[in-house]
Amino acid sequence: MFPIWKYGSEEQKQEWLPRMAAGEAIGCFGLTEPDHGSDPSGMTTHAEIHNGNDWVLSGTKMWITNGSIADIAVVWAQTPEGIRGFLVPRGTRGFTSRNIHKKLSLRASVTSELHFDEVAAARGCRAARGDRAEGAAVLPVRGAVRDRVGRHRGGRSCLEAAADYARTREQFGRKIGGFQLTQGKLAWMLADLQRAQLLALHLGRLKEAGKITPQQVSLGKMSNVRTAIEIARQARTVLGANGVTLEYPVIRHANNLESVLTYEGTEEIHTLALGQAITGISAYR
């Protein structure tokens, strides 16, 4: 919804935003490609003007959440004017999708490949008006504040499951929550979780004030996802073999967090973004 609200025409906003807000229409965000993830500026999906007025869009997008069930796709493409966004409704001629199967992570999510074969996109379907790559770059940042920085929530669920388990599981004639090693794990999990929560709160307040920077989002995403993964792994050891069953939430969170580690900015890219902020030297450009 954000790119439509930020860059769309008034007609596009009226057509799609009320329906999406009411849950009557589903959208998807088409940025990542099979060969271009961390470097969206290298995307090969392209759009050109034909017949003086209409845009024709061709290319492929990969790992797109809700791609095959979305009513509207926001698709980013190279144009003679730079990277632009296009709105492509489901059912548009030349627009096809297929689901990605055999995933062991984010299994509840519909993840798709989108293919555009000379899809006609009217001039009014441009979602980014003259913002070039800025639009494509800023949107995952917005999403990272909302969701990726908040991935400590998975860690919280794992900590709660481990603590509950430690209070009831008995070994050597006593509750395992009474063993020093178990209490040490729980204490460090709690400390890590509190730090992640405070960082997420701070960044959320910066975003609300309009002061947040991409580098701050990189710090939050990199740190909080890694924290949540470590909490999940520690919780799994508290639960022992039960930690790998779906009777408890721990292994599900651990598997999903492995995906979060690399999507909407890999840990390596966020690390290098911070390195550049610290040194003033880019390691990847």
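This section reports on the structure supplied with the text.

**Details of the overall build of the protein**
Next, step 1: Across its full length, the protein carries eight helices and nine strands.
Next, step 2: Burial statistics for the protein: of 285 residues in total, 42% are counted as buried.
Next, step 3: Looking at the protein alone, contacts between residues at least 24 apart form 69% of all its contacts between residues at least 6 apart.
Next, step 4: When the accessible area of the protein is evaluated, it comes to approximately 15400 Å², of which 52% is carbon and sulfur surface.

**Brief notes about unusual backbone geometry**
Next, step 1: Even without a glycine there, the phi angle at Leu106 is positive, about 50°.
Next, step 2: Backbone geometry places Glu118, a non-glycine residue, at a positive phi of 50°.
Next, step 3: Taking relative accessible area as the criterion, Glu118 reaches 57% and is therefore assigned exposed.

**Observations regarding helix H2 (residues 10-21)**
The α-helix winds at 3.6 residues per turn, so residues separated by three or four positions along the chain end up facing the same way.
Next, step 1: In this model, H2 (twelve residues) spans 16 Å end to end at C-alpha, consistent with the 16 Å of a helix rising 1.5 Å per residue.
Next, step 2: Within H2, burial applies to Gln12, Lys13, Trp16, Leu17 and Met20. Buried positions in H2, seen along its axis, are confined to an arc of 110° and lie on one side of it. In H2, the exposed positions that point more than 90 degrees away from the buried face belong to Glu11 and Gln14.
Next, step 3: In the core, the buried residues of H2 are packed alongside helix H1 (2-7), strand E1 (27-30), strand E4 (72-79) and strand E5 (82-89).
Next, step 4: Two residues or fewer after H2 comes Gly23, characterised by a positive phi angle close to 80°.

**Details of the packing of aromatic side chains**
To describe a pair of aromatic rings, you give the distance between the ring centres and the angle between the ring planes.
Next, step 1: Tallied over the entire structure, the rule returns five aromatic pairs.
Next, step 2: Relative to Phe86, the ring of Trp55 has its centre 5.4 Å away and its plane inclined at 65°; by these criteria the two rings are edge-to-face. With Trp55 in strand E3 (residues 54-65) and Phe86 in strand E5, this pair connects stretches of sequence that are 31 residues apart.
Next, step 3: For the pair Tyr165 and Tyr248, a centre-to-centre distance of 5.6 Å together with 90° between the ring planes defines the contact as edge-to-face. You can see Tyr165 sitting in helix H4 (residues 152-168) and its partner Tyr248 sitting in the loop between helix H6 (214-239) and helix H7 (250-260), a full 83 residues away along the chain.
Next, step 4: By relative accessible area, which is 21% here, Tyr248 ends up partly exposed.

**Remarks on the side chain of Thr92**
Next, step 1: For Thr92, the position within the fold is in the loop between E5 and strand E6 (95-99).
Next, step 2: A polar contact of 2.7 Å, which involves the side chain of Thr92, links it to the backbone oxygen of Pro89.
Next, step 3: Ignoring anything within four residues of it in the chain, the contact list for Thr92 reads Val119 and Ala120.

Conventions used here
- Residues numbered from 1 in each chain as written.
- Predicted model: local features only at pLDDT ≥ 70, side-chain atom pairs only at ≥ 80, totals over all residues.
- Heavy atoms only, no water.
- Helix = DSSP H or I, 4+ residues; strand = E, 2+ residues; numbered from the N terminus.
- Buried < 20%, exposed > 50% of the residue type's maximum accessible area, 1.4 Å probe, protein only.
- Contact = heavy atoms within 4.5 Å.
- Areas by Shrake-Rupley, 256 points an atom, 1.4 Å probe, with all protein chains shown as cover.
- Expected span 1.5 Å × (residues − 1).
- Arc of directions from axis to C-beta.
- Phe/Tyr/Trp six-rings, centres within 6.5 Å; stacked < 30°, edge-to-face > 60°.
- Polar contact = N/O pair within 3.5 Å; in protein donor to acceptor, adjacent residues only side chain to side chain.

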